[in-house]
Amino acid sequence: MSERAHLPTGQEAIRVKGWRGAHRYLLLRRLSQAFFLALFLLGPWFGLWWVAGTLAGSRTFGLLPLTDPLVLLQGVAAGHWPEMTALTGALIVLAAYALIGGRVYCSWVCPINPVTDAAHWLHDRLGLPKGWQPKRSARLWLLAAALGASALTGTIAWEAVNPVTMLHRGLVFGMGFAWAMVAAVFVFDLLVSRHGWCGHLCPVGAFYGLVGTRSLLRVSARNRAACDDCMDCYAVCPESQVISPALRGGPGDTPLILSPDCTNCGRCIDVCSVDVFTFTHRFDARVSAPPETVNNARSQRAA
Amino acid sequence: MLATPPPRAPDRRRFLKETARMAGGCAVAGSALAWLARDARALPAQALRPPGALPESAFLSACIRCGLCVRDCPYDTLKLAELGADGPATGTPYFTAREVACEMCDDIPCVAACPTGALDPALDDIDDARMGTAVLVDQENCLNFLGLRCDVCYRVCPVIDEAITLEMSHNTRSGHHAIFAPTVHAARCTGCGLCEKSCVLPEAAIKVLPARLARGASADHYRKGWEERERNGGPVVEGIIDLPDRVPDSAFEPAFKLPEAGQ
Ligand code: SF4
Ligand code: SF4
Ligand code: SF4
Ligand code: SF4
Ligand code: SF4
């Protein structure tokens, strides 16, 4: 490990790339999250009904239907076969996320993401312990439990507690006590379990992860030869288990982060001062030549 | 020489333990969720579902809580239930008649907006909607029942003279007036709530209730003799002797006598 491991996470990247350069994707993500929320708020706030509805189901420009496939799937499990409009909407959403990356939903759209990010930021600042760390697969079990409960009760069960749709619906239609739900997620992530909600439990994220298993948009540790082991990417990545296979892979191992858990947030790209990571597609397995070889070639030529 | 493979039992045991723990957690979480979701199935009496809504149990499996019906209602009748603040399952659409009633739009925009069929697209005539049934719950305070001519609930009804009528009877209190009793006919009442909304009393004397509270139900095997006879074009059972009705008059001698007072 280099000495820089002692610096606070991200300091080196800020020094090398400037604050903006070291927060490029973070800023873009916040913009994207605000953009998607704003689309839904234009109607109720300014009477501009480009998009009506909520994340669970919406209509854009009076025409394009979009439906949350997981909500609809629970409805089917509960015994209701939906009308064409909802089915079409769900298929469009499924196709989009299957193509660009399922958990792109998590880091670029989901309104809970800024909440859990904030919890993690504070958690870091306060230097709190990791806390309870259930297996990452717990969210898949919870997803199965949500579908099971839907089938059992004949209702769309997860929607009774889902903080994602609750927060979104709350912002667009009126909160009620949905704040309590969001606060609970924040406190859980802050005090009980680091990265607990989005990283271990949320079945919505798990579902979108499954949807994007074969998706195109991928982060590649293309320049992994330049890695100086500062470990900053591990520190910022909400799903740090996905990095090693790509970053630590030997020659012949793909530099692509292919795990469906990767949220395509781009934090690893931002935080790396030597630009190891980059966005690309899943068929681009190029690896940059290690700098040693370049140096060697140069020294050989010089000799 | 091959090294002896490492013993696998502890691995397998750990795997089984992890799986068992996850399955256990999953069962607990699932049951908690099921309990919560079941809990949310109780719809308060004053919360009415939009026109065309499937029966409550089917509705909860169909409605994705998108709010499109709410957005397309031109009278802002519908609301999405807020967590902890309103009664119905969180995020589902409902209205409270006394606050804003359903104006029974001809083109039923709420149903047209629903992407899932939670509001049944088969409903093409708003007069066929059954959001609930109006019941004149308080005859002691209804002004018409007191013998006045308020008539407001009757006049605002979009299905006037079919869903609600004024039934005239003798006013025994004054002895020489009439009572015009607002009377709801469930077969035609849509449950729009305009009558309840418009009732002039501080607390409405006529209220729209969900059918499960407003209505009784006849047993399957009950037959109404007069209907059967009409359908049959004569008595259903042949050879029934119709005994003359006994009318109490002066000639009538009861088989036993009540003891007289003072005896
Ligand atoms: S894991 Fe769940 S709550 Fe977290 S960002 Fe993804 S969908 Fe949102
Ligand atoms: S690997 Fe990079 S893009 Fe993927 S979740 Fe981690 S930080 Fe985000
Ligand atoms: S029929 Fe009209 S007034 Fe009634 S709920 Fe539907 S849109 Fe609103
Ligand atoms: S439009 Fe349909 S699915 Fe959406 S909230 Fe209304 S009833 Fe539910
Ligand atoms: S609820 Fe009242 S106003 Fe509406 S149809 Fe029934 S009787 Fe008429």
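Computed from a predicted structure; not experimentally measured.

K.L.:
Just to check I follow, could you spell out the overall build of chain A for this structure?
P.N.:
A count of helical and extended segments in chain A gives 15 helices and five strands. Relative to its length of 303 residues, chain A is compact, with a C-alpha radius of gyration of 21 Å against a globular reference of 19 Å. Along the first, second and third principal axes, the C-alpha atoms of chain A reach 75 × 40 × 40 Å. Considering chain A as a whole, with its 303 residues, one finds that 51% of them fall into the buried category. If you take every contact in chain A between residues at least 6 apart in sequence, the share linking residues at least 24 apart comes to 75%. Considering chain A, the positive charge centre built from 26 side chains and the negative charge centre built from 18 side chains are found 3 Å apart.

K.L.:
Please clarify how the domain arrangement of chain A should be interpreted in this entry.
P.N.:
Put simply, an interface is often sized by how much accessible area is lost when its parts join up. All names here are of chain A. Each assigned domain of chain A is listed with its residue range as follows: domain 1 (23–211) and domain 2 (216–293). Computed from C-alpha atoms alone, the centre-to-centre distance between domain 1 and domain 2 is 26 Å. With 24 residues of domain 1 at the contact, the number on the domain 2 side is 19 residues. Carbon and sulfur atoms supply 44% of the area buried between domain 1 and domain 2, which totals about 1,500 Å² over both sides. The largest share of the area that domain 1 buries against domain 2 comes from Y25, R103 and R136, three residues that together contribute 35% of it. Between domain 1 and domain 2 we count five salt bridges in total. One salt bridge in this structure joins E239 and R136, with 2.9 Å as the shortest N-O distance.

K.L.:
Teacher, can you tell me more about the site of ligand 2 here?
P.N.:
Around ligand 2 sit V219, C237, P238, V242, I257, C262, T263, N264, C265, G266, R267 and C268 of chain A, and those are all the residues in its vicinity. Looking at side-chain class alone, the shell around ligand 2 contains eight nonpolar, three polar and one charged residues.

K.L.:
I tried to follow a nonpolar patch on the surface on my own but got confused; where do I start?
P.N.:
A surface patch of nonpolar side chains, amounting to about 630 Å² of accessible area, comprises W45, F46, L48, W50 and F61 of chain A. Examined against the element boundaries, W45 of chain A turns out to sit in helix 2 (residues 24–46).

K.L.:
How should I be thinking about helix 8 (residues 163–173) of chain A in this particular structure?
P.N.:
For the α-helix, the turn length of 3.6 residues means that residues three or four positions removed from each other point alike. Residues and elements named next belong to chain A. The buried fraction of helix 8 is high, at ten of eleven residues. Of the residues making up helix 8, those classed as buried are P163, V164, T165, M166, L167, H168, R169, G170, V172 and F173. Where helix 8 begins, the capping side chain belongs to N162, and its oxygen is found 3.0 Å from the backbone nitrogen of V164. Just beyond helix 8, the residue with positive phi is G174, at close to 135 degrees.

K.L.:
For this particular structure, what's the right way to read the environment of G233 of chain B?
P.N.:
Position of G233 of chain B relative to the elements: it lies in the segment after helix 8 (225–232). Counting along the chain gives 139 residues from G233 of chain B to Y94 of chain B, while the straight-line C-alpha distance between them is 47 Å.

K.L.:
It is not clear to me how the interface of chain A and chain B should be interpreted in this structure. Could you clarify?
P.N.:
Between chain A and chain B, the contact holds 47 residues from the first and 39 residues from the second. For the pair chain A and chain B, the summed buried surface comes to about 3,300 Å²; carbon and sulfur atoms form 70% of the total. The three residues of chain A that bury the most area against chain B are H80, W141 and F173 of chain A, which together make up 19% of that side's buried surface. Run the count over chain A and chain B and you get one salt bridge. Notably, a salt bridge pairs D72 of chain B with R59 of chain A, separated by 3.0 Å at the nearest N-O pair.

K.L.:
Before we go on, may I ask you to explain the site of ligand 4 in this structure?
P.N.:
Residues in close proximity to ligand 4 total 13 residues, the closest being C63, C66, G67, C69 and C114 of chain B. Residues belonging to the shell around ligand 4 are distributed by class as follows: ten nonpolar, two polar and one charged.

K.L.:
Would you mind going over the state of the cysteines with me for this structure?
P.N.:
A disulfide bridge is the covalent bond that connects two cysteines by way of their sulfur atoms. This model, assessed by the stated rule, comprises zero disulfides over all chains. Summary of cysteine pairing: C142 of chain B is not part of a disulfide, and the nearest cysteine sulfur, belonging to C153 of chain B, is at 6.1 Å.

K.L.:
I keep staring at the packing of helix 8 of chain A against helix 9 (residues 178–192) of chain A and nothing clicks. Help me out?
P.N.:
Packed helices, taken two at a time, are described by their axes: the angle between them and the distance between them. All names here are of chain A. Viewed as axis vectors pointing N to C, helix 8 and helix 9 meet at an angle of 135 degrees, and their least axial separation amounts to 9 Å. As the angle between them shows, helix 8 and helix 9 are arranged oblique. By crossing handedness, the relation of helix 8 to helix 9 is classed as left-handed. Side by side, helix 8 and helix 9 meet where P163, M166 and L167 of the first sit next to A178, M181, V182 and V185 of the second. Considering only residue class, the contact of helix 8 with helix 9 consists of seven nonpolar, no polar and no charged.

K.L.:
Would you mind going over the nonpolar core with me for this structure?
P.N.:
One recurring pattern in soluble globular proteins: nonpolar side chains tend to sit buried together. In this structure, Y105 and F277 of chain A are the most contacted members of the largest nonpolar core, which totals 108 residues. Judged by nonpolar contacts, the second largest core, of eleven residues, contains A52, V71 and A90 of chain A together with A113 of chain B.

K.L.:
Looking at this model, I keep getting lost on the pairing of strand 3 (residues 64–67) of chain A. Mind explaining?
P.N.:
Regular strands place their side chains on alternate faces of the sheet. Judged by which residues are buried, strand 3 of chain A turns out to be one-sided: P65 and T67 of chain A face inward and are buried, whereas L64 and L66 of chain A, on the alternate face, are not. In sequence, strand 2 (residues 57–60) of chain A turns back onto strand 3 of chain A through a hairpin of three residues, with F61 of chain A there showing a positive phi of about 50 degrees.

K.L.:
I would appreciate a short explanation of the sheet that holds strand 1 (residues 51–54) of chain A in the present structure.
P.N.:
Neighbouring strands of a sheet are bound in pairs by backbone hydrogen bonds; such pairs are parallel or else antiparallel. Residues and elements named next belong to chain A. Spatial ordering of the open sheet is given by 1-2-3, a layout of three strands whose pairing is antiparallel. The open sheet has two free edges, formed respectively by strand 1 and strand 3, since each of these has just one partner strand. Ignoring strand direction, the axes of neighbouring strands in this sheet form an average angle of 10 degrees. In terms of strand pairing, strand 1 meets strand 2 through four bridges, oriented antiparallel. Looking at the pairing, A52 lines up with R59 of strand 2.

K.L.:
Just checking my understanding: could you explain the packing of aromatic side chains for this structure?
P.N.:
Remark: the centre distance and the inter-plane angle together describe each pair of aromatic rings, the angle taken between the planes. Residue and element names in this part refer to chain A. Taken as a whole, this structure holds ten aromatic pairs over all chains when the rule is applied. Their ring planes at 70 degrees and their centres at 5.4 Å tell us that F35 and F36 sit as a pair that is edge-to-face. Residue class for F35 comes out partly exposed when judged on its relative accessible area of 47%. With a centroid separation of 6.4 Å and an interplanar angle of 80 degrees, the aromatic rings of W45 and F46 are classed as edge-to-face.

K.L.:
Even after reading the chapter, I still don't get helix 6 (residues 113–125) of chain A, so can you show me in this structure?
P.N.:
With 13 residues, helix 6 of chain A should cover 18 Å at 1.5 Å per step; its first-to-last C-alpha distance of 18 Å lies within 8% of that length. All of the buried residues along helix 6 of chain A are N113, V115, T116, D117, A119, H120 and H123 of chain A.

K.L.:
Any chance you could explain a negative patch on the surface here in plain terms?
P.N.:
Residue and element names in this part refer to chain B. A cluster of acidic side chains, namely D106, D107, D124, D125 and D128, defines a negative patch on the protein surface. Here D124 is to be found in the loop between helix 4 (109–113) and strand 3 (133–136). Take D124: its relative accessible area is 64%, and that puts it in the exposed class.

K.L.:
Just checking my understanding: could you explain the pattern of salt bridges for this structure?
P.N.:
Pairing between side chains of opposite charge can happen when their charged atoms approach one another. Residue and element names in this part refer to chain A. If you walk through the whole model with that rule in mind, you get 21 salt bridges over all chains. In this structure, the salt-bridge partner of E12 is R15, at a minimum N-O distance of 2.8 Å. Residue E12 and its partner R15 are both found in helix 1 (residues 11–21); the two are separated by three residues, about one turn of the helix. Since its relative accessible area comes to 10%, E12 is described here as buried.

Scoring rules and cut-offs
Residues numbered from 1 in each chain as written. Chains lettered and ligands numbered in written order. Predicted model: local features only at pLDDT ≥ 70, side-chain atom pairs only at ≥ 80, totals over all residues. Heavy atoms only, no water. Helix = DSSP H or I, 4+ residues; strand = E, 2+ residues; numbered from the N terminus. Rg over C-alpha atoms; globule rule 2.2 N^0.38 Å. Buried < 20%, exposed > 50% of the residue type's maximum accessible area, 1.4 Å probe, protein only. Contact = heavy atoms within 4.5 Å. Lys, Arg positive; Asp, Glu negative; His and termini not counted. Charge placed at Lys NZ, Arg CZ, Asp CG, Glu CD. Domains from an automatic or database assignment. Buried area = accessible area lost by both parts, 1.4 Å probe. Salt bridge = Lys/Arg side-chain N within 4 Å of Asp/Glu carboxyl O. Near = heavy atom within 4 Å. Nonpolar A, V, L, I, M, F, W, Y, C, P; charged D, E, K, R; others polar. Patch = residues over 30% accessible without salt bridge, like charges linked within 9 Å, V, L, I, M, F, W, Y side chains within 5 Å. Areas by Shrake-Rupley, 256 points an atom, 1.4 Å probe, with all protein chains shown as cover. Polar contact = N/O pair within 3.5 Å; in protein donor to acceptor, adjacent residues only side chain to side chain. Disulfide = S-S within 2.5 Å. Axes fitted to C-alpha atoms, helices over the stretch in contact; angles between N-to-C directions. Parallel < 35°, antiparallel > 145°, perpendicular 65-115°, else oblique. Left-handed = near helix turned anticlockwise from the far one by under 90°. Core = buried A, V, L, I, M, F, W, Y, C linked by side-chain atoms within 4.5 Å. Pairing = 2+ DSSP bridges. Phe/Tyr/Trp six-rings, centres within 6.5 Å; stacked < 30°, edge-to-face > 60°. Expected span 1.5 Å × (residues − 1).

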